[in-house]
Amino acid sequence: MIAPRARAADRLLIISNRAPYSLRRRGHATELVRSIGGLSSTLDDALRKRGGVWLAWSGSVARARRGRRRPPPRSMPVRDGGYRLRLLTLNDEQVAGYYHGLSNRSLWPLCHYFPTRAEFDEREWKVYEAVNRLFAHAASKSVPARGITWVHDFHLALVPRMLRSLRPSARIAAFWHIPFPAPAVLRIFPWAREVVIGLLGSDLIGFHTGDDATHFMECARHLADADVAFGRGEVAYHGRVTRVSSFPLGVEAKEFDRIGSDPEVLDEVRRLRLSLRMERLILAVDRLDYTKGILQRLQAYERFLAARPEWHRRVCFVQIQVPSRESVPEYRSLREQIDRAVGRISGRFSTAEWTPVRYLCHGFGRRDLAVFYRAADVLLVTPLRDGMNLVAQEFVATRGDGDGVLVLSLFAGAAERLREALLVNPYDQSAMQRAIERALVLPTVERRAAMRTMRRRVMTEDVDWWLGWFLAAAAVETSPRRARRPRSRAARR
Ligand code: GDG
C-alpha cells in the first residue's frame, strides 16, 4: 500500500457527484465495482498514490420519509487502494431536485448556451443548496490537514464556499467540466450570483478553455462585484483571492495509442472495413445529448448525399450513440427524432447493396471503440457546444498510423488545442456539408501533416500531464490581497 508513505501535503480529498465505483450486492456483502476508463480512473489512480478520501453520491436513491434521520455517508476502504470512499445516499426528492432538476434541466442547458431549454424552479434550487450543504458538511470531516480538497463540476458549485466557512484554512480547488457562459447568459439563471460566489470559496478554479476562464472572471466582476485582475487571472472577493485559469484536459493517450497498434485490433479493423465494403468510413461517437449536435450532423450528411450522388455506394456513416438520461422526456424525444432522421436517410438513399448510415445505439468497450477510431477515414465531432470533448482527442491518440481526418466543431473546447482539424460551425448546414466533402478528398500530405501536429500535442499533454499540472497549481499558496471595497449600489447602476 503506497498511501501511508505519501506525504501529508500530497493527500487529496476529491468531491464529485458520481464515484469511480458503484456498489453491487453479493448475497449479504456489498462490493465495489470500478467504472472503466476515463477521468474517474485517472483520479482514482491519483488517490491510490497519494492517499485520502473520495466523497460522492452513491448513485442509489432512497425513498424520502418525513422525520427520518439521514443515514451517515457509507465509508469504506478501496481494496488495495490506500484511500477511503465515502458515499452519500440521497433520497428521491433530493435526486429529483438537485440532479435531474437544477443540474440537468437548469445549469446544463444554460451553460451550453440553450437558455430556452432551461427551466428554473425555486424549490429545485433550495434542494440543490441543501444537497451541496450535505456534501460540504460531509467533506468538512475529511479535509486533509495540508493536502488539497478538489471539488468537481457544476453539480457542486456551492460546495467551495460552504466548505470554506466550515474549514477556513482548507486548500480548496475546483474544476468546471462544462462551458462557463458569458455574463449575458449566466445572468438568466436566477441564482447566478450564488453560483459565482460559491465557486469563489476556492483558492483555484480550473476550466477547459481560456474563454471559459475569462467568462468566469467577467461574471465575478459583473454579478458579484468582485475585484478582477484579468491579466493575472486573480479574483479578489471579501478579502480572499481566487486564482482562475484554463487547464485543458487530456486523455489516456498512451493507452489509446497502445490499443490502436495492437495486432489483434488491427485485424478487427481490417474485418470491419471489409464487412462495410466501403471506400470511405465516416464515424461519430457521442453520448445522446442535444448539445452534441447529432441531429444537425445527420441532416448535413443527408444534404451531402442529396448533392453528391457520385459518393453513393462509396461511403458509409457510422453513428455510435451511447444512451444517457433515458428517464428524461426531452432526451427520449431527441432519441425519437434521431431515429426518424436515420430512417429517413436509409429509406431515401439505401439500395439492395448499400446502407449509407449505420446507427449503433449502445455503449462499446474501449477496445471496440478503438477499432472504430482506427478504421475511420473521417471522424465528425460536431457538438453545438462542448466543454472539451474527449472523443476527438482519443481518435487522434489512436491513430498511430498518422492518418485520418478530424472534422471538429468550433464550439468544442477541444478546438482550442486541435486547431489543425477541419474546424466547422455546426449550426451552418452548408459549411457542414462542405466540411464532409473536403474531409473525404483531403490530400494525403495535408491529412498526415495535420494529424502529426495534433498527435504531438495529444500524446504529450495527456491526462497524467493535466493532473500533475493542476495539482501543482493547486498546491501553490495564494497571496492574500485586500479586496477593493464594493462599489455602492448607486455606482453599480
Ligand atoms: C463531459 C463534458 C468534457 C463514449 N462512448 C463510449 C465511451 N465513451 C467515452 C469516450 C469519452 C467519454 O465517454 C465522453 O467524453 P466527452 O468529453 O466526449 O463527453 P461528456 O460525456 O459529455 O463529458 C465534456 C468531459 O466531461 C470531461 O471534462 O470533455 O465536454 O460534456 O472518454 O471514450 N466509453 C465506452 N464505451 C462507449 O461506447 N467505454
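Scroll up to find the structure.
Here's a quick rundown of the structure. (Residues numbered from 1 in each chain as written. Predicted model: local features only at pLDDT ≥ 70, side-chain atom pairs only at ≥ 80, totals over all residues. Heavy atoms only, no water.)

## Observations concerning the overall build of the protein chain
Now for step 1: For the protein chain, the helix and strand inventory stands at 17 helices and 18 strands.
Now for step 2: Its C-alpha atoms give the protein chain a radius of gyration of 24 Å, within 12% of the compact-globule value 23 Å for 493 residues.
Now for step 3: Principal-axis analysis of the C-alpha atoms gives the protein chain an extent of 65 × 60 × 45 Å.
Now for step 4: Within the protein chain, the proportion of its 493 residues that are buried is 55%.
Now for step 5: Long-range contacts, defined as pairs at least 24 residues apart, comprise 77% of the intrachain contacts of the protein chain with a sequence gap of at least 6. (Helix = DSSP H or I, 4+ residues; strand = E, 2+ residues; numbered from the N terminus. Rg over C-alpha atoms; globule rule 2.2 N^0.38 Å. Buried < 20%, exposed > 50% of the residue type's maximum accessible area, 1.4 Å probe, protein only. Contact = heavy atoms within 4.5 Å.)

## Some details on the sheet that holds strand β10 (residues 227-229)
Now for step 1: Spatially, β5-β6-β4-β1-β7-β8-β9-β12-β11-β10 is the arrangement adopted by the 10 strands of the open sheet, whose pairing is mixed. Lying at the two open borders of the sheet, with one neighbouring strand each, are β5 (74-77) and β10. Within this sheet the neighbouring strands show an average axis-to-axis angle of 20 degrees, counted without direction.
Now for step 2: In terms of strand pairing, strand β8 (residues 171-175) meets strand β9 (residues 204-207) through 3 bridges, oriented parallel. In the strand pairing of β9, Phe175 is matched with Gly206.
Now for step 3: Across the face of the sheet, helix α4 (residues 159-166) comes into contact with β1 (12-18), β7 (148-152), β8 and β12 (240-246) while running at roughly 175 degrees to β8. (Pairing = 2+ DSSP bridges. Axes fitted to C-alpha atoms, helices over the stretch in contact; angles between N-to-C directions.)

## Considering the nonpolar core
Looking at soluble globular proteins, one finds that nonpolar side chains tend to be buried together.
Now for step 1: Grouped together as the largest cluster of nonpolar side chains are 142 residues, with contacts concentrated most on Ile15, Phe135, Trp176, Leu406 and Leu408.
Now for step 2: Both domains that meet at this core, namely domain 1 (8-246) and domain 2 (253-460), each give it at least three residues.
Now for step 3: Those residues in contact with Trp176, other than ones at most four positions away along the chain, are Cys111, Asp153, Phe154, Ala157, Val195, Leu199, Gly206, Phe207 and His208. (Core = buried A, V, L, I, M, F, W, Y, C linked by side-chain atoms within 4.5 Å. Domains from an automatic or database assignment.)

## Quick notes on the site of the ligand
Now for step 1: In the region of the ligand, 19 residues are neighbours, and His177, Phe364, Asp386, Leu390 and Glu394 sit closest.
Now for step 2: Between the ligand and Lys292, the relevant distance is 3.1 Å, taken from an oxygen atom to a side-chain nitrogen or oxygen of the residue.
Now for step 3: With respect to the ligand, the backbone of Met388 contributes an N or O atom lying 2.9 Å from an oxygen atom.
Now for step 4: In isolation the ligand offers 740 Å² of accessible surface; the protein chains occlude 78% of this area.
Now for step 5: At the level of secondary structure, the elements contributing two or more residues to the shell around the ligand comprise β13 (280-287), α12 (366-375) and α13 (390-398).
Now for step 6: Per element, the largest residue contribution to the shell around the ligand is 3 residues, and it comes from α13.
Now for step 7: Class assignment of the residues belonging to the shell around the ligand gives a composition of 9 nonpolar, 5 polar and 5 charged.
Now for step 8: Structurally, the shell around the ligand is a two-domain feature, drawing no fewer than three residues from each of domain 1 (8-246) and domain 2 (253-460). (Near = heavy atom within 4 Å. Polar contact = N/O pair within 3.5 Å; in protein donor to acceptor, adjacent residues only side chain to side chain. Areas by Shrake-Rupley, 256 points an atom, 1.4 Å probe, with all protein chains shown as cover. Nonpolar A, V, L, I, M, F, W, Y, C, P; charged D, E, K, R; others polar.)

## Regarding unusual backbone geometry
Trans peptide bonds make up most of the peptide bonds, and negative phi angles are found at most residues other than glycine.
Now for step 1: The residue Asp225 is not glycine, and still its phi comes out positive at about 55 degrees.
Now for step 2: Following the sequence through the fold, Asp225 ends up in the loop between α7 (210-224) and β10.
Now for step 3: You can call Asp225 buried: its relative accessible area is 10%.
Now for step 4: One non-glycine residue with positive phi stands out, namely Arg277, at about 50 degrees.
Now for step 5: Among the secondary structure elements, Arg277 is positioned in the loop between α9 (263-276) and β13.

## What to know about helix α16 (residues 463-475)
Now for step 1: Here α16 contains 13 residues, and its C-alpha end-to-end distance of 18 Å stays within 8% of the 18 Å for a straight helix at 1.5 Å per residue.
Now for step 2: By the N-cap criterion, in which a side-chain oxygen at the helix start approaches the backbone nitrogen of a residue two or three places on, α16 is capped by Asp462, the distance to Asp464 being 3.3 Å. (Expected span 1.5 Å × (residues − 1).)

## Regarding the environment of Asp92
Now for step 1: Within the fold, Asp92 resides in helix α2 (residues 92-111).
Now for step 2: C-alpha of Asp92 to C-alpha of Arg280: the two residues are 188 residues apart in sequence and 48 Å apart in space.
Now for step 3: Discounting residues that sit within four places of it in the chain, Asp92 has contacts with Val61, Ala62, Arg63 and Ala64.

## Regarding the packing of α9 against α12
Now for step 1: Viewed as axis vectors pointing N to C, α9 and α12 meet at an angle of 60 degrees, and their least axial separation amounts to 9 Å. With respect to their mutual orientation, α9 and α12 come out oblique. Viewed along their axes, α9 and α12 form a crossing whose handedness is right-handed. Residues Glu264, Val265, Leu266, Glu268, Val269, Leu272 and Arg273 of α9 form the contact with α12, whose participating residues are Arg367, Asp368, Val371, Phe372, Arg374 and Ala375.
Now for step 2: By residue class, the composition of the contact of α9 with α12 is 7 nonpolar, no polar and 6 charged. (Parallel < 35°, antiparallel > 145°, perpendicular 65-115°, else oblique. Left-handed = near helix turned anticlockwise from the far one by under 90°.)

## Topic: the sheet that holds strand β14 (residues 315-322)
Now for step 1: Read across the sheet, 6 strands follow the order β15-β14-β13-β16-β17-β18 without closing on themselves; strand pairing throughout is parallel. Two strands bound the open sheet, and with one partner strand each, they are β15 (357-360) and β18 (422-424). Averaged over all adjacent pairs, the angle separating strand axes in this sheet is 20 degrees, with direction ignored.
Now for step 2: Summarising the sheet, β14 and β15 pair through 4 bridges and their orientation is parallel. Following the sheet pairing, Gln319 is matched in β15 by Tyr359.
Now for step 3: In this fold helix α14 (residues 429-441) packs onto β13, β14, β16 (378-381), β17 (405-409) and β18, with an angle of close to 170 degrees to the strand it touches most, β18.

## Overview of the packing of helix α8 (residues 253-260) against α13
Now for step 1: Closest axis-to-axis distance for the α8/α13 pair is 7 Å, and the angle between their directions is 50 degrees. Considering their axes alone, α8 and α13 lie oblique with respect to each other. Taken as a pair, α8 and α13 cross one another with a handedness that is right-handed. Contact residues: α8 offers Ala253, Phe256, Asp257 and Gly260, while α13 offers Glu394, Ala397 and Thr398.
Now for step 2: Split into classes, the residues belonging to the contact of α8 with α13 amount to 3 nonpolar, 2 polar and 2 charged.

## A few points about the environment of Val371
Now for step 1: Within the secondary structure layout, Val371 lies in helix α12.
Now for step 2: Given a relative accessible area of 5%, Val371 falls into the buried group.
Now for step 3: Distance in space between the C-alpha atoms of Val371 and Glu264 is 9.8 Å, their sequence separation being 107 residues.

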